[in-house]
Amino acid sequence: MPPSPFENRVFLILLTLVTLAFGAILWPFHGAVFWGVVLAILFAPLHRKLLRRMPKSPNLAALATLSLCLVIVILPMTLITVTLVQEATAIYDRLKSGQLNFGQYLQQILAAMPAWATGLLERFNLTTLGELQQKLSSVAVQASQFFATQALSVGQNTLEFVVGFGVMLYLLFFLLRDGAVLAARISQATPLGTEHKRQLAHKFTTVIRATVKGNIVVAASQGALGGLIFWILGIQAPVLWGVAMAFLSLLPAVGAGLVWGPVALYFLATGAVVQGVVLALYGVGVIGLVDNILRPILVGKDTKMPDYVVLISTLGGMALFGLTGFVIGPAIAALFIASWDLFAPQRSTASPPESRR
């Protein structure tokens, strides 16, 4: 006998509850699970090539792909993280000892400001320049200590990081080996038409690959170029500032300019005109050019989304989900556009002839 409507409703409620419960179990490792899925999507073409060469050894093919992933992605990131923590620790120690004094830097800028600028500051009810120096110095010290503390927390939370890292690698191996079977099971269980499922799955994987590869290439390029010019100009902790520019470059348009722009202004205000001009020209002509050329080619071309949609979805995704939002935001935006593209022709076809006259 076919199940009654009551049995169907009970089963759907049970299905919803166990799905939510399973999601709650996975939530403590949601970051590891997410990046395991993303890396599996990125390295799936490589795994398929290796699997064609060793069709009788799926475990070996998955292990080889995982090893290449470690060499290409994870080991360089680990080395950069170690260097970043070392430089952040050094800056934090200099802040605590007083060797690094933001108040002194601010005083140099204030002394170089013209009279109209200092008068403008007083008009905005900032009373004396001494109080302005104290406020801005306090904000600068607190911000620097915050970023340094966050970098140090990577080492303090070693156990949590190692566990999450292990879960990601473990999951990545099985997603590479059994990914095709899992994708087929998910597609079979999804209550949509075959063509709709195919188009949505293709759009999702395309956006994931384009967003991750495009943003990582842009971030790595801008971070490396920014760190290089900081090292050439003798600015302390070039790796730290390069990593900061790399992370901020995930924000289209502004990005790395939030780091090199204030430094260029400081050089100009303190009389280091050559360094300031060089850094400003390099920032606009080299670092900015990377964003303007590579991002539309690597991200916008493959996702087939307008630049403003990519920008807004990236900012909104990072506001909601943190760092992983630079992938989740554009992916949701792409699925939104693809779903409405599928819905609109279907609705126009289903409407009666009278309504289309």
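As the structure is a computational prediction, the values presented were derived from the model and not from experiment.

1. Let's talk about the overall build of the protein
1) Next: Within the protein, the regular secondary structure consists of 14 helices and zero strands.
2) Next: Element order for the protein, N to C, with α for helix and β for strand: α-α-α-α-α-α-α-α-α-α-α-α-α-α.
3) Next: Across the 357 residues in the protein, those meeting the buried criterion constitute 31%.
4) Next: Nonlocal contacts in the protein, meaning residues at least 24 apart in sequence, comprise 70% of its contacts between residues at least 6 apart.
5) Next: For the protein, the computed accessible surface area is about 22,200 Å², with 71% contributed by carbon and sulfur atoms.

2. Let's talk about helix α1 (residues 5–26)
1) Next: For α1, spanning 22 residues, the distance from its first C-alpha to its last is 32 Å, which sits close to the expected 32 Å at 1.5 Å a residue.
2) Next: When you tally the buried positions in α1, you get zero out of 22 residues, a small fraction of the element.

3. A closer look at the nonpolar core
1) Next: Core analysis: the biggest nonpolar cluster contains 20 residues, and Val-38, Ile-208, Met-305 and Val-327 have the highest contact counts within it.
2) Next: Counting only elements with at least two residues in this core, the list comes to α2 (30–53), α8 (194–232), α12 (307–321) and α13 (325–350).
3) Next: Examining the composition of this core, we find that six residues originate from one element, α13, more than from any other.
4) Next: Viewed by domain, this core spans two of them, domain 1 (1–121 + 152–189) and domain 2 (194–343), each represented by three or more residues.
5) Next: Those residues within four positions of Val-327 in sequence are excluded, and the remaining contacts are Phe-34, Trp-35, Val-38, Ile-208, Thr-211 and Val-212.

4. Overview of the UniProt feature "transmembrane region" (unreviewed entry) in the protein
1) Next: Per the UniProt annotation, the sites labelled "transmembrane region" (unreviewed entry) are residues 63–85, 159–176, 212–233, 239–260, 267–290 and 310–338.
2) Next: Structurally, residues 212–233 is divided into 95% helix and 0% strand, and its ends, taken at the C-alpha atoms, are 31 Å apart.

5. With respect to the side chain of His-47
1) Next: Among the secondary structure elements, His-47 is positioned in helix α2.
2) Next: Here the side chain of His-47 touches Leu-176 through a polar contact of 3.3 Å, landing on its backbone oxygen.
3) Next: Residue contacts for His-47: discarding those within four places in its chain leaves Pro-58, Ala-61, Ala-62, Thr-65, Leu-176 and Arg-177.

6. A short note on a positive patch on the surface
1) Next: The grouping of Arg-48, Lys-49, Arg-52 and Arg-53 at the surface amounts to a positive patch.
2) Next: Note that Arg-48 resides in helix α2.

7. Digging into the packing of α8 against helix α9 (residues 238–248)
1) Next: Packing of α8 against α9 leaves a shortest axis separation of 7 Å and a crossing angle of 150°. With respect to each other, α8 and α9 are oriented roughly antiparallel. In the crossing of α8 with α9, the sense of the turn from one axis to the other is right-handed. Side by side, α8 and α9 meet where Ala-219, Gly-223, Gly-226, Gly-227, Phe-230 and Trp-231 of the first sit next to Pro-238, Trp-241, Gly-242, Met-245 and Ala-246 of the second.

8. With respect to the pattern of salt bridges
1) Next: Enumeration according to the criterion identifies two salt bridges in this entry.
2) Next: A salt bridge links Asp-178 to Arg-177; the shortest N-O distance between them is 3.0 Å.
3) Next: Accessibility expressed as a relative area gives 31% for Arg-177, which makes it partly exposed.
4) Next: In this structure, Glu-195 and Arg-198 form a salt bridge, with 2.6 Å as the shortest nitrogen-oxygen distance. Taken together, the residues Glu-195 and Arg-198, both in helix α8 and three residues apart, mark about one turn of the helix.
5) Next: Accessibility expressed as a relative area gives 41% for Glu-195, which makes it partly exposed.

9. Things to note about the confidence of the model for the protein
1) Next: Confidence in the prediction for the protein averages 76 pLDDT; 73% of positions are at 70 or higher.
2) Next: By mean pLDDT, helix α14 (residues 353–356) is the weakest element of the protein at 48, and α1 is the strongest at 88.

Cut-offs and rules
- Residues numbered from 1 in each chain as written.
- Predicted model: local features only at pLDDT ≥ 70, side-chain atom pairs only at ≥ 80, totals over all residues.
- Heavy atoms only, no water.
- Helix = DSSP H or I, 4+ residues; strand = E, 2+ residues; numbered from the N terminus.
- Buried < 20%, exposed > 50% of the residue type's maximum accessible area, 1.4 Å probe, protein only.
- Contact = heavy atoms within 4.5 Å.
- Areas by Shrake-Rupley, 256 points an atom, 1.4 Å probe, with all protein chains shown as cover.
- Expected span 1.5 Å × (residues − 1).
- Core = buried A, V, L, I, M, F, W, Y, C linked by side-chain atoms within 4.5 Å.
- Domains from an automatic or database assignment.
- UniProt positions renumbered as here; feature names shortened; annotations may be inferred.
- Polar contact = N/O pair within 3.5 Å; in protein donor to acceptor, adjacent residues only side chain to side chain.
- Patch = residues over 30% accessible without salt bridge, like charges linked within 9 Å, V, L, I, M, F, W, Y side chains within 5 Å.
- Salt bridge = Lys/Arg side-chain N within 4 Å of Asp/Glu carboxyl O.
- Lys, Arg positive; Asp, Glu negative; His and termini not counted.
- Charge placed at Lys NZ, Arg CZ, Asp CG, Glu CD.
- Axes fitted to C-alpha atoms, helices over the stretch in contact; angles between N-to-C directions.
- Parallel < 35°, antiparallel > 145°, perpendicular 65-115°, else oblique.
- Left-handed = near helix turned anticlockwise from the far one by under 90°.
- pLDDT = per-residue confidence, 0-100.

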